[in-house]
Amino acid sequence: QTAVEDTLRYDAQPLIQTRVRKNGAFANRTTGNMACAVFYDTLARPVNGVEDMHDHAHAYIPNVTWDPVEQCFKAIEYEDLHLFRPYLEACFHARLSALVTSLGYPIERQGKWWDIALADSIIDKFSRRTKAVEKKAKELGILDENGRVLDPVALAGLGASTRDPKSKSKDLSPEELRAEWWRRLTPEELRALDRVASGGGPENSGPLAGQIPLKEALDYGIGSVFARKTVASDMELMEPALRRGFG
C-alpha cells in the first residue's frame, strides 16, 4: 500500500494537467492535484474454484482537477500520465522492491523486472492463472510453442476474456485457503520458504540483488537512453536508472 500510494502522490499527481482554451489560448496547465480512490485485493481470480495469493491494487482517478488560476474544477488532460507510464511503473517497483528488501527478503533482478528469490517450482505452483492464459494463447496462435508473443494486442485482452467469474469461487475461508496453499508444497519447498523468510535465497537461485550505487544506476540510465536518442526528458532518463537500482 505504501508503494502504491506514494507513487500516486509523489509521481503521478505532479503530472496532472488541464487544458487552457480561454481567450484564444491553446495550451495545457499543470495543476498538480487530483482525487484518487484505491481498492486493495489479496487474491487472484479462482481457478477450479480456488484463488491463489495475489496482492494488488485498483487505483481510480476521476476526471477532475482544480485549476488554481481559473479557480474552478476542470477535466484532466491525461497526456503526460499516458506518455510517462514506464516511468511511473519504475517508480512503483523501485519503492516496492526497496520495501521488500528492508523486510529482509532477498530479491533477484530480472532485466526490467524483479522478484523475490524463490525456487521456480514454488512460483510455478502459484501461477495457475498465468498458465491458463498461456495455454489458451497457444491454442489461439497468440503464443508460439516457445512462448514467443505473436499478437501482443490479442494477448493483452486474453486475461479478461478467459478468467472465471468470482461467483465460481468455493468461498474458502482465509484459514482454508492457507491450508490449500501449503498442501501444494513439498517439505523441501517449505524449507526453502523458511530460508527466504530468514533473508537467504533458495539453493538454486541466481545471484541475489545487492545494493547498486546511485551513480552507477544513473550512469546506466543516461547511457541506455542516449544510445537510442539525442534528446530525452528527465523522466525518460530516470526510468531505466530506477529499474537498474531495484532493491
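Now for a look at the structure at hand. This structure is a prediction, so every number in the text was calculated from the model and none was measured. (Residues numbered from 1 in each chain as written. Predicted model: local features only at pLDDT ≥ 70, side-chain atom pairs only at ≥ 80, totals over all residues. Heavy atoms only, no water.)

On a plain count of helices and strands, the chain comes out with 10 helices and 8 strands. By principal-axis analysis of the C-alpha atoms, the chain measures approximately 70 × 45 × 40 Å. Across the 247 residues in the chain, those meeting the buried criterion constitute 31%. By sequence separation, contacts in the chain at least 24 residues apart represent 58% of the contacts at least 6 residues apart. Accessible surface computed for the chain: about 15,200 Å², of which carbon and sulfur atoms make up 56%. (Helix = DSSP H or I, 4+ residues; strand = E, 2+ residues; numbered from the N terminus. Buried < 20%, exposed > 50% of the residue type's maximum accessible area, 1.4 Å probe, protein only. Contact = heavy atoms within 4.5 Å. Areas by Shrake-Rupley, 256 points an atom, 1.4 Å probe, with all protein chains shown as cover.)

A few words on the side chain of Asp80. Along the chain, the position of Asp80 falls in helix 2 (residues 79–83). For the buried Asp80, which has no salt bridge, the nearest side chain bearing the opposite charge is Arg85, at an N-O separation of 11 Å. What Asp80 contacts, discounting residues up to four positions off in sequence, is Leu15 and Gln17. (Lys, Arg positive; Asp, Glu negative; His and termini not counted. Salt bridge = Lys/Arg side-chain N within 4 Å of Asp/Glu carboxyl O.)

Another aspect to go through is the nonpolar core. In this structure, Ala12, Leu15, Leu81, Tyr87, Leu88 and Leu242 are the most contacted members of the largest nonpolar core, which totals 20 residues. Listing elements by their share of this core, those giving two or more residues are helix 1 (2–12), helix 3 (85–102) and helix 10 (234–244). Here this core gets 6 residues from one element, more than from any other, and that element is helix 3. Counting 8 residues, the second-largest nonpolar core is a separate cluster that includes Ala119, Phe126, Trp181 and Ala192. (Core = buried A, V, L, I, M, F, W, Y, C linked by side-chain atoms within 4.5 Å.)

A separate point is the layout of surface pockets. There is about 2,200 Å³ of room inside the largest pocket. What lines the largest pocket is a set of 47 residues, among which Thr42, Met53, His54, Asp55 and His56 lie closest to the centre. Among the elements of the structure, helix 1, strand 3 (37–43), strand 4 (53–60), helix 3, strand 8 (113–116), helix 4 (120–125), helix 5 (128–139) and helix 8 (187–197) are those that each provide at least two residues to the lining of the largest pocket. Top contributing element to the lining of the largest pocket by residue count: strand 4, with 6 residues. By residue class, the composition of the lining of the largest pocket is 27 nonpolar, 9 polar and 11 charged. Here the second largest pocket defines a volume of roughly 440 Å³. Contributions of two or more residues to the lining of the second largest pocket are made by helix 1, strand 4 and helix 3. The element contributing the most residues to the lining of the second largest pocket is helix 3, with 5 residues. For the lining of the second largest pocket, the residue count by class is 10 nonpolar, 1 polar and 2 charged. (1 Å grid on protein atoms, 1.4 Å probe; cavity = no way out; pocket = protein on both sides within 12 Å on 5 of 7 lines; lining within 4 Å. Points joined across faces, edges and corners; volume = space filled by probe spheres on them. Nonpolar A, V, L, I, M, F, W, Y, C, P; charged D, E, K, R; others polar.)

Here we take up the state of the cysteines. Taken as a whole, this structure holds 0 disulfides when the rule is applied. Between Cys36, a cysteine without a disulfide, and Cys91, which holds the nearest cysteine sulfur, the sulfur-to-sulfur distance is 15 Å. Cys91 gets classed as buried once you look at its relative accessible area, which sits at 5%. (Disulfide = S-S within 2.5 Å.)

Moving on to the pattern of salt bridges. Applying the stated criterion across every chain yields a total of 25 salt bridges. A salt bridge links Glu188 to Arg191, with the shortest nitrogen-to-oxygen separation between them at 3.0 Å. Remark: Arg191 and Glu188 occur in helix 8; sequence separation between them is 3 residues, near one turn of the helix. Accessibility expressed as a relative area gives 34% for Glu188, which makes it partly exposed.

Moving on: the pairing of strand 1 (residues 17–20). The pairing of strand 1 with strand 2 (residues 27–30) spans 4 bridges and is classified as antiparallel. Bridged to Thr18 within strand 2 is Arg29. Hairpin connection, strand 1 to strand 2: the antiparallel pair is bridged by 6 residues, and Asn23 has positive phi, about 55°. (Pairing = 2+ DSSP bridges.)

Tracing the backbone through its elements, the reader meets Asp144 in the loop between helix 5 and helix 6 (152–162). You can call Asp144 buried: its relative accessible area is 17%. Here the side chain of Asp144 touches Arg148 through a polar contact of 2.8 Å, landing on its backbone nitrogen. Those residues within four positions of Asp144 in sequence are excluded, and the remaining contacts are Lys138 and Leu150. (Polar contact = N/O pair within 3.5 Å; in protein donor to acceptor, adjacent residues only side chain to side chain.)

A word on the packing of helix 9 (residues 214–226) against helix 10. Relative orientation of the contacting elements helix 9 and helix 10 amounts to 130°, with a least axis distance of 7 Å. The orientation of helix 9 with respect to helix 10, classified from their angle, is oblique. Considering the relative orientation of helix 9 and helix 10, their crossing is right-handed. On helix 10, the residues that touch Glu216, Ala217, Leu218, Tyr220, Gly221, Ile222, Ser224, Val225 and Phe226 of helix 9 are Glu236, Leu237, Met238, Pro240, Ala241 and Arg244. Grouping the constituent residues of the contact of helix 9 with helix 10 by class yields 10 nonpolar, 2 polar and 3 charged. (Axes fitted to C-alpha atoms, helices over the stretch in contact; angles between N-to-C directions. Parallel < 35°, antiparallel > 145°, perpendicular 65-115°, else oblique. Left-handed = near helix turned anticlockwise from the far one by under 90°.)

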